[in-house]
Amino acid sequence: MGLWRKFAIGSAAGVILAGAALFALDVADRAFPPPLDKADVISAEVLDADGQLLRAFATSEGRWRLKTVVADVDPQFLRMLIAYEDRRFHDHGGVDPFALGRASLQFISNGRIVSGASTLSMQVARLIEPRPERTFSAKLLQLARAVQIERRLSKEQILDLYLTHAPYGGNLEGVRAASLAYFGKEPRRLTVAEAALLVALPQLPERRRPDRNLKAAQEARKRVLDRVAVAEVVGDGEAERAEGVAIPMRRMQLPALAAHVAEAATRKEPAVLKHQTTLKKQVQQGLESVARAAAMKLGPKLSLAMVMADAQTGEIIGEVGSADYFDASRSGWIDMTRVNRSPGSTLKPFIYGLAFEQGLVSQETIIEDRPADFFGYRPRNFDMSYQGDVTVREALQLSLNVPAVKLLDAVGPSRLLVRFRRAEVRPALPPNETPGLAIGLGGVGITLKDLVQLYTALANRGQPARLGDGITGVPGKIDGEPMLEPVSVWNVADILSGVIPPAGAPQRGIAYKTGTSYGYRDAWSVGYDGRYVLGVWVGRPDNGAVPGLTGYGTAAPILFEGFAKSGIATTPLPRPPAGAVRIAQSELPISQRRFALNASGLLVASGREAAPQIVYPPEGAHIDLGAGAGDLSPLMLKLQGGRAPFRWLANGKPLPDLSRRRTQQWLPDGGGYSKLTVIDSTGRAASVGVFID
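Rules behind the numbers
Residues numbered from 1 in each chain as written. Predicted model: local features only at pLDDT ≥ 70, side-chain atom pairs only at ≥ 80, totals over all residues. Heavy atoms only, no water. Helix = DSSP H or I, 4+ residues; strand = E, 2+ residues; numbered from the N terminus. Buried < 20%, exposed > 50% of the residue type's maximum accessible area, 1.4 Å probe, protein only. Contact = heavy atoms within 4.5 Å. Areas by Shrake-Rupley, 256 points an atom, 1.4 Å probe, with all protein chains shown as cover. Phe/Tyr/Trp six-rings, centres within 6.5 Å; stacked < 30°, edge-to-face > 60°. Lys NZ or Arg CZ within 6 Å of the ring centre and 35° of its normal. Pairing = 2+ DSSP bridges. Axes fitted to C-alpha atoms, helices over the stretch in contact; angles between N-to-C directions. Parallel < 35°, antiparallel > 145°, perpendicular 65-115°, else oblique. Salt bridge = Lys/Arg side-chain N within 4 Å of Asp/Glu carboxyl O. pLDDT = per-residue confidence, 0-100. Left-handed = near helix turned anticlockwise from the far one by under 90°. Core = buried A, V, L, I, M, F, W, Y, C linked by side-chain atoms within 4.5 Å. Lys, Arg positive; Asp, Glu negative; His and termini not counted. Polar contact = N/O pair within 3.5 Å; in protein donor to acceptor, adjacent residues only side chain to side chain.

Undergrad: Is there a simple way to think about the overall build of the protein chain in this case?
TA: A count of helices and strands for the protein chain gives 21 helices and 24 strands. Within the span of the protein chain, comprising 693 residues, buried residues form 52% of the whole. The long-range share in the protein chain, meaning contacts at least 24 apart out of those at least 6 apart in sequence, stands at 69%. Per element, the accessible surface of the protein chain, about 31,900 Å² overall, is 54% carbon and sulfur.

Undergrad: Where do I start with helix α14 (residues 348-357) in this structure?
TA: Owing to its 3.6 residues per turn, the α-helix brings residues three or four apart onto one side. Taking burial as the measure, the ten residues of α14 include ten buried ones, the bulk of the element. All of the buried residues along α14 are K348, P349, F350, I351, Y352, G353, L354, A355, F356 and E357. Taken from the residues just after α14, G359 is the one with a positive phi, measuring 75°.

Undergrad: How should the packing of aromatic side chains be read in this particular structure?
TA: Two aromatic rings, taken as a pair, are described by how far apart their centres are and by the angle between their planes. The full count for this structure, using the stated rule, is six aromatic pairs. Each ring, one from F350 and one from F420, has its centre 5.7 Å from the other, and the planes form 90°; the classification is edge-to-face. Remark: F420 occurs in helix α17 (residues 413-422) and F350 occurs in helix α14; sequence separation between them is 70 residues. A single burial state applies to F350 and to F420, both of which are buried. An aromatic cluster of at least three residues, connected via ring pairs, comprises F350, F420, Y455 and Y528. Over the ring of F89 we find K155, and its NZ or CZ is 4.6 Å from the ring centre.

Undergrad: Would you mind showing me how to read the pairing of strand β19 (residues 635-640) here?
TA: Looking down a regular strand, the side chains alternate between one sheet face and the other. The element β19 is extensively covered by neighbouring structure, given that six of its six residues are classed as buried. Residue alternation in β19 divides its side chains into two sets, L635, L637 and L639 and M636, K638 and Q640, and both sets are buried. Note: strand β17 (residues 613-616) against β19, three bridges, orientation antiparallel. Bridged to Q613 within β19 is Q640. Here four bridges tie β19 to strand β22 (residues 663-666), and the two strands are oriented antiparallel to one another. The residue of β22 that forms the bridge with L635 is W666.

Undergrad: How should the sheet that holds strand β5 (residues 274-276) be read in this particular structure?
TA: Neighbouring strands of a sheet are bound in pairs by backbone hydrogen bonds; such pairs are parallel or else antiparallel. An order of β2-β1-β5 is seen for the three strands of this open sheet, with the pairing classed as mixed. At either margin of the open sheet sits one strand with a lone partner, and together these are β2 (53-57) and β5. Geometrically, the sheet is characterised by an average inter-axis angle of 15° between neighbouring strands, direction not taken into account. Here four bridges tie strand β1 (residues 44-47) to β2, and the two strands are oriented antiparallel to one another. When the bridges of β2 are listed, V46 appears paired with R55. Each of β1, β2 and β5 touches helix α12 (residues 259-268); the most contacted strand, β2, lies at about 55° to it.

Undergrad: Looking at this structure, how should I read the packing of helix α8 (residues 192-200) against helix α9 (residues 214-226)?
TA: Between two packed helices, the angle of one axis relative to the other and the distance separating the axes together describe the packing. As a packed pair, α8 and α9 sit with axes 8 Å apart at the nearest point and diverge in direction by 105°. If you check the angle between α8 and α9, you find them roughly perpendicular. Facing α8, whose interface residues are V192, A193, A196, L197, V199 and A200, α9 presents A217, A220, R221, V224 and L225.

Undergrad: Explanation requested: the sheet that holds strand β13 (residues 522-528) in the structure shown.
TA: With respect to topology, five strands assemble into an open sheet ordered β7-β6-β14-β13-β12, the strand pairing being antiparallel. Both edges of this open sheet fall to β7 (316-320) and β12 (511-516), since each of them pairs with a single strand only. Taken pair by pair, the neighbouring strands of this sheet meet at an average axis angle of 5°, ignoring direction. Where β13 lies against strand β14 (residues 532-539), seven bridges are found, and the strand directions are antiparallel. Bridged to G527 within β14 is L534. Helix-sheet contacts for helix α13 (residues 281-298) involve β6 (303-310), β7 and β14, and the interaxial angle to β7 is about 25°.

Undergrad: I'm lost on the pattern of salt bridges in this one. Help?
TA: For side chains bearing opposite charge, pairing can occur when the charged atoms are close. A full pass over the atoms with the stated rule returns 34 salt bridges. The closest approach of N and O atoms between R531 and D310, which form a salt bridge, is 2.7 Å. Note that R531 is positioned in the loop between β13 and β14 and D310 in strand β6, a separation of 221 residues in sequence. On the basis of relative accessibility, which here comes to 5%, the residue D310 falls in the buried class. What you see here is one network of salt bridges that share partners, running through E368, R370, D389, K406 and R594.

Undergrad: Looking at this model, I keep getting lost on the confidence of the model for the protein chain. Mind explaining?
TA: Reading predicted coordinates in detail is not appropriate for stretches of low pLDDT. A residue-level look at the protein chain finds 89% of positions with pLDDT of 70 or above and a mean pLDDT of 87. Scored below 50 in pLDDT, residues 111-115 makes eight contacts in the model with residues more than four places away or belonging to other chains.

Undergrad: Where do I start with the packing of helix α2 (residues 75-85) against α8 in this structure?
TA: Contact pair α2 / α8: the axes reach a minimum separation of 9 Å and the direction vectors enclose 45°. By the angle class used here, α2 and α8 are oblique. Once α2 is placed against α8, the crossing between them reads as right-handed. Here Q76, F77, M80, L81, Y84 and E85 of α2 lie close against α8, whose contacting residues are V192, A195, A196, L198 and V199.

Undergrad: What's the story with helix α16 (residues 401-411) in this structure? I'm lost.
TA: Most of α16 is tucked away, with nine of its eleven residues classed as buried. Every buried residue belonging to α16 is among N401, V402, P403, A404, V405, K406, L407, L408 and V411, and all of these are buried. Buried-residue contacts for α16 involve α14, β8 (366-369), α15 (392-397) and α17.

Undergrad: Even after reading the chapter, I still don't get the nonpolar core, so can you show me in this structure?
TA: Nonpolar side chains in soluble globular proteins generally cluster together in the buried interior. If you look at the biggest cluster of nonpolar residues, it comprises 103 residues, and the most contacted ones within it are M306, M308, F350, L454, Y528 and V538. A per-element tally of this core places helix α18 (residues 448-459) first, with eight residues.

Undergrad: Looking at this structure, how should I read unusual backbone geometry?
TA: Backbone geometry follows two general trends: most residues other than glycine have a negative phi, and most peptide bonds adopt the trans configuration. Cis geometry is adopted by the peptide bond preceding P617, which originates at Y616 and carries an omega value of 5°. Looking at the element boundaries, P617 is found in the loop between β17 and β18 (622-623). In this model, A644 is joined to P645 through a cis peptide bond whose omega is 0°. Within the secondary structure layout, P645 lies in the loop between β19 and β20 (647-650).

Undergrad: So what exactly am I meant to see when it comes to the side chain of D48 here?
TA: Within the secondary structure, D48 sits in the loop between β1 and β2. One buried charged side chain, D48, makes no salt bridge at all; its nearest oppositely charged neighbour is K280, positioned 6.4 Å away. Among residues more than four places away in sequence, those in contact with D48 are L54, Q276, T277, L279, K280 and K281.

Undergrad: Teacher, can you tell me more about the environment of P349 here?
TA: Here P349 is to be found in helix α14. P349 gets classed as buried once you look at its relative accessible area, which sits at 0%.

Undergrad: What is the right way to look at the side chain of E194 in this model?
TA: When you line up the elements, E194 lands in helix α8. Under the relative-accessibility criterion, E194 is labelled buried at 16%. Among the polar contacts listed, one links the side chain of E194 to the side chain of K185, at a separation of 2.9 Å. Leave out the neighbours within four places in its chain, and E194 touches F183, K185 and R189.

Now the structure itself:
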């Protein structure tokens, strides 16, 4: 056999053997893949609307392991990490032969390990498949796993695994958890000193923990900064400056905001690892800080709840379910935003709004605050005193009970509940009871969230918004008729924005109302500007009485502090809509100068049933309905007195239908002077002349 033939046969055999070996390795690789599924065990996270971390949950092993990708980390940290740990990371296939050869020669020459040869891929292999013993066979497996990992993942994906699983001492794993625990921030922007410490700790995480061994942490950071390759990354002089920066000596708690929302999110979707909420981290932090400070002053067993919502979108941007979730003495685990309680006087603005809408009163109408008997129901004021004759504006600002009940008697409790249903809110009535006048003073049950939902209508020109649940709820404006007409809403806001703030609180340009339930069990305060509504409840979760607890003295200061600490800029209250004006008492129609009812519930003037009186628009008024722009807006007509049904005429032409309501809409044909007339069922009439601009 010739030499050439032997060479050919040998070469072919070598190729076959190499192919067989590669085939065997491929079969083995497929049969025994790296346990990458273990890398998926990470902490569940609850995020705010902008993706910021509100709360994290430890894994089942009790480890803080937050998912981290390259985009989450300061690029300079990544360059420092690669320069220090694995300079040829982007060039090798999992094992660096140069580093392996150097380490072997150093071991032979010195009889001990001088430098390691582990690549970042090998470290990832060790992290996802840890072995307690450091044997030769374990090292070989690590080498093999590194190659397997490189076959399956990109370099960026390998870095993602390292950033998520690198050990940092105790139960901290991953760069994000370490940065939050030691620096109190996400690792997107790190100083050179911070980045160097995070590079140094994973080699010996327990020995170098800065909260337990500060000197070891300082020395480890110095070794990183002294490495020539690292110095090239950070620039001239930066390493020396970083060495003089103090290392944090304590470990901070990871973000633990929005406890009740976070618990609800994980219960709703336990398999999901990232839960998006509508909350805003800055707002949530501010409200929780206010709640903690208030709880210190409130004393034992008292809790509080707060809800802040966007009145235009219905999104809850801040929610505090209790004073302290972990305080058993306050039953902190109970989410008091969802519990029905008596709302006290916080429903009064809606009674007044309905009375304004029906033309029963104006802000300067005189109403009596004296003892009254409503078929056995005798409401009394909170301080047991009476003011006599007051204006409607004063009655609401002072939260007088008798005037509110008089107006509720006139508009009807059932009609008020119908308006609440327009806002998709259904207060809980006592069992087997029909709606009664006690509703006006808190004789129903309502949750804080529902109360805030009602107030979104006052902040949004009468159109309520459906509140979400803070997680995946479907917020948004509620379709259908508005809860109250814009002019009525403006009147309510104009009155409530004039209520004096609690002692020491600055005027913030908000309208607000307070309430105290019967027996001093609940203190409320709800306030709003032109965009946001904040509601506050204070009381005992067990519904126990708290002597001295009041809405104005207890809840209102928390409300104003909550607005201040939320970080949300005040949005001005809406401008007056067309036709909204505060009319002086002397200019009111006679029937609106004083509010009174006879025994049959009919409005009276001078002791007899009043004739119909047009209360809006007033005689001679100039009303801007957009005549100059072409498309006119409808004009709301309101009357008082008279007997239904009513027939309206505009410039002598009857409007289409008879109406039993004391309000009517009219769409003018054009601008200029118009004569409006109303005739009641007895033939009595009233007229006004107006100018449409």
